[in-house]
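# Structural description and commentary
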Amino acid sequence: MSEFFNHVIEGLSKKDKKLNPKWFYDYEGSKIFEQITKLDEYYITRTEIDILKKNQDEISKCIGEHATIIEPGAGAGEKIKILIKSLKKPELYVPSDISKTYIRDIATKLEKALPNIKIEPWVFDFQSNEKIPSHIYQKKNLTTFFPGSTIGNFEPLDAINFLKKVKNQFYSDKIIIGVDLIKEKKILERAYNDALGVTSKFNKNILKRMNKELNADLNLDFFKHDAIFNKKKSRIEMRLISQKKQHINIGQTSFLFQDQEIIHTENSYKYSLDMFKNLAKDAGWSVAKIWVDKNKLFSVQFLIHQ
Ligand SMILES: C[S@@+](CC[C@H](N)C(=O)[O-])C[C@H]1O[C@@H](n2cnc3c(N)ncnc32)[C@H](O)[C@@H]1O
């Protein structure tokens, strides 16, 4: 049985049903995420891009000359274009993501946009223990670029493990990371419940994939997208809520959903600067520099290995 099948069966068998968010991102899910980044409500992308643009020289100085940049969960690779322009003699860019077709497509587009740097896509699941290929880790000045608040999708303990992985599996001792900050509930919930329903489409893509790849019989209209800010846990919780009592089948396995029963699909943790500093410290990193926007919505941080 596939890893996707095993994860789905395990997640839906729990008392509080949940799914692993990495299954949002096949080619189609990655394209829907690109649309999310352009939404009015989704302050994250435009704020981070502004921070990167305003501070690109200083950020590039932190990275230094002859850099090899590894970007796990690179998505559309839009943000690296800003940095590459101000970097001195960058050597190699390694965009990495979970969908093979998507990351290859992105790498081809980036090769045209960034003719002065070698680009080598790497299909990599950052929940795995795989090490970066040896010809890459033998390079000098390996820097990890991790924008987009992807770190917020990890439970805090998993975030610590991921940051350890950057040192132990990517052999990188510098990170430029995008960390979303705690803010008003209204702004947060709006960002994940957009008026056009793009985030809803993204959330339901996991159900669509179950139908397509796992021979499931879910009716997407019988589930409703919803995202709430859990203040106590400092995280946005994205959910799919069953709109009626229903049985669903995944191949030979059947699950009962009660009316209004929730599948928890993704978290997006929000940090204060102090909370993130402590988390980074627990993983062996110190925060050397922080850039924020004037409304303190988002931060880009430079971490160095202690
Ligand atoms: C929040 S998006 C950020 C995308 C992009 N870095 C940005 O700044 O807009 C998360 C990214 O992580 C990728 N991703 C999610 N789970 C992953 C996994 N387990 N392994 C590798 N990439 C993953 C997704 O495909 C997506 O591109």
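Below, the structure is looked at part by part. (Residues numbered from 1 in each chain as written. Predicted model: local features only at pLDDT ≥ 70, side-chain atom pairs only at ≥ 80, totals over all residues. Heavy atoms only, no water.)

Residues Q246, I248 and I250 of strand β9 (residues 246-250) are buried on one face, while the alternating residues H247 and N249, pointing to the opposite face, are not. Where β9 lies against strand β10 (residues 253-257), five bridges are found, and the strand directions are antiparallel. Counted as the bridge partner of H247 is L256 from β10. Here β9 hands over to β10 after two residues, with G251 in that stretch at a positive phi of 55 degrees. (Buried < 20%, exposed > 50% of the residue type's maximum accessible area, 1.4 Å probe, protein only. Helix = DSSP H or I, 4+ residues; strand = E, 2+ residues; numbered from the N terminus. Pairing = 2+ DSSP bridges.)

Around the ligand lies a shell of 18 residues, among which G73, K79, D97, D125 and F126 are the nearest. The contact in question runs from an oxygen atom of the ligand to an N or O atom on the side chain of D97, over 2.5 Å. Take D125: an N or O atom from its side chain is 2.8 Å from a nitrogen atom of the ligand. Compared with its free state, where it exposes 590 Å², the ligand has 93% of that area covered by protein. Within the shell around the ligand, the residues separate by chemical class into seven nonpolar, six polar and five charged. (Near = heavy atom within 4 Å. Polar contact = N/O pair within 3.5 Å; in protein donor to acceptor, adjacent residues only side chain to side chain. Areas by Shrake-Rupley, 256 points an atom, 1.4 Å probe, with all protein chains shown as cover. Nonpolar A, V, L, I, M, F, W, Y, C, P; charged D, E, K, R; others polar.)

Bringing the layout of surface pockets into the picture now. Put simply, the second largest pocket is a space of about 230 Å³. If you go around the second largest pocket, the residues you meet are Y43, R46, T47, D50, I51, K54, N55, V292, D293, K294, N295 and L297. For the lining of the second largest pocket, the residue count by class is four nonpolar, three polar and five charged. (1 Å grid on protein atoms, 1.4 Å probe; cavity = no way out; pocket = protein on both sides within 12 Å on 5 of 7 lines; lining within 4 Å. Points joined across faces, edges and corners; volume = space filled by probe spheres on them.)

What follows concerns the packing of helix α3 (residues 43-54) against helix α5 (residues 78-86). Running from N to C, α3 and α5 cross one another at 5 degrees; their axes reach a closest spacing of 10 Å. The angle between α3 and α5 places the two elements in the roughly parallel class. Note on element contacts: α5 touches α3 through K79, I82 and L83, opposite T45, E48, I49, L52 and K53. Residue composition of the contact of α3 with α5, by class: four nonpolar, one polar and three charged. (Axes fitted to C-alpha atoms, helices over the stretch in contact; angles between N-to-C directions. Parallel < 35°, antiparallel > 145°, perpendicular 65-115°, else oblique. Contact = heavy atoms within 4.5 Å.)

Our next topic: the pattern of salt bridges. Going through the model one piece at a time under the given rule, you end up with 21 salt bridges. Of the charged contacts, one joins K17 and E261 as a salt bridge, the two residues approaching to 2.7 Å between their closest N and O atoms. Of this pair, K17 sits in the loop between α1 (3-13) and α2 (27-37) while E261 sits in the loop between β10 and β11 (262-269), placing them 244 residues apart in sequence. We note that K17, like E261, is buried. (Salt bridge = Lys/Arg side-chain N within 4 Å of Asp/Glu carboxyl O.)

What follows concerns the environment of W285. One can find W285 in strand β12 (residues 285-292). Taking the relative accessible area as the measure of exposure, W285 reaches 1% and is therefore buried. Separated by 118 residues in sequence, W285 and K167 place their C-alpha atoms 9.4 Å apart.

What follows covers unusual backbone geometry. For K89, which is not a glycine, the phi torsion comes out positive at approximately 45 degrees. Relative to the assigned elements, K89 resides in the loop between α5 and β2 (92-97). Owing to a relative accessible area of 53%, K89 belongs among the exposed residues under this scheme. Non-glycine residue Q260 carries a positive phi angle of around 75 degrees. Mapped onto the fold, Q260 is located in the loop between β10 and β11.

For α2, the complete set of buried residues consists of G29, S30, I32, E34 and I36. For α2, the secondary structure elements touched by its buried residues are α6 (100-113) and α10 (198-213).

Of all hydrophobic cores here, the largest spans 65 residues; its most connected members are L12, M210 and I250. What I250 contacts, discounting residues up to four positions off in sequence, is F5, V8, I9, L12, M210, L214, N215, A216 and F255. (Core = buried A, V, L, I, M, F, W, Y, C linked by side-chain atoms within 4.5 Å.)

Spatial relationships are all this shows, so hold off on functional conclusions.
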